[in-house]
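The residues making up each chain are set out below.
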Amino acid sequence: MIEALALNMAGIPMDIVSWKKAITLWSMGRAIIIAEYEDRFVRSPRFTMRIPSIIQCVDMRVMPRNFTNILPFNRKNIYARDQGRCVYCGVKVTLASFTFDHVIPRSLGGDTTWENVVTACTTCNNRKGNKRWKTGELHMLQAPYAPKLTKAAPRNLVNKLSFKTPHQSWSDYIYWRVAIGH
Ligand SMILES: [Zn+2]
């Protein structure tokens, strides 16, 4: 689905909306178009227009209520943190096939958190089995950690973006990045 980044009046990104909603808000005079997709059009018998990639809501004075500094915990972000590699042997794995490995197994009380879940290949996961990892037994290339954002960002947007590839025009408004390392 083609989507637009929606800014409030202060230029703070608030949400990601469908292209239909973006055009509806614009046609009602409730938003102005900041940027467009160069190669995406909406055509009607009377006109053709480029689909907006960023809109600014002219009647939205509110600021986001909920900010976060932490990247949401999910499979895709675990994979990105570990750079798509098994943390035990370094082999490349795919997002679809990697094993979501609990460093301290759940059966031994391990939590499903950033600090206890890593990307692993099937071979290492089977080798490790249901045991607690011991120093020297299986070496971890990198200890698990919770990635921080460089600046606090609206939580709903951070959540939505973690499942999407942002359009290049959004980069001017997405003012935070994921800090690499601890
Ligand atoms: Zn491995």
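Below is a summary of the structure that appears in this document. (Residues numbered from 1 in each chain as written. Predicted model: local features only at pLDDT ≥ 70, side-chain atom pairs only at ≥ 80, totals over all residues. Heavy atoms only, no water.)

Turning to the sheet that holds strand 3 (residues 31–43), a few remarks are in order. Strand order in this open sheet of four strands is 2-1-4-3, and the pairing throughout is mixed. Both outer strands of the open sheet, strand 2 (13–18) and strand 3, are each paired with one neighbouring strand and no more. On average, each strand axis in the sheet is tilted by 30° relative to the strand beside it, whichever way the strands run. Pairing geometry for strand 3 and strand 4 (residues 48–57), over eight bridges, is antiparallel. Across the sheet, the residue bridging to I33 is I55, located in strand 4. This element, helix 1 (residues 19–27), spans strand 1 (3–7), strand 2, strand 3 and strand 4 of the sheet and lies at about 80° to strand 4. (Pairing = 2+ DSSP bridges. Helix = DSSP H or I, 4+ residues; strand = E, 2+ residues; numbered from the N terminus. Axes fitted to C-alpha atoms, helices over the stretch in contact; angles between N-to-C directions. Contact = heavy atoms within 4.5 Å.)

Further remarks concern the packing of aromatic side chains. What the rule picks out here adds up to four aromatic pairs. Ring geometry for Y175 against W176: centres 4.9 Å apart, planes inclined by 80°, an arrangement best described as edge-to-face. Classification of W176 by relative accessible area gives buried; the value is 7%. A network of ring pairs unites the aromatic residues F73, F100 and W114 as a single cluster. Across from the ring centre of F98, 4.0 Å away, lies the NZ or CZ of R75, which sits over that ring. Cation over ring: R81 sits above Y145, and NZ or CZ is 5.7 Å from the ring centre. (Phe/Tyr/Trp six-rings, centres within 6.5 Å; stacked < 30°, edge-to-face > 60°. Buried < 20%, exposed > 50% of the residue type's maximum accessible area, 1.4 Å probe, protein only. Lys NZ or Arg CZ within 6 Å of the ring centre and 35° of its normal.)

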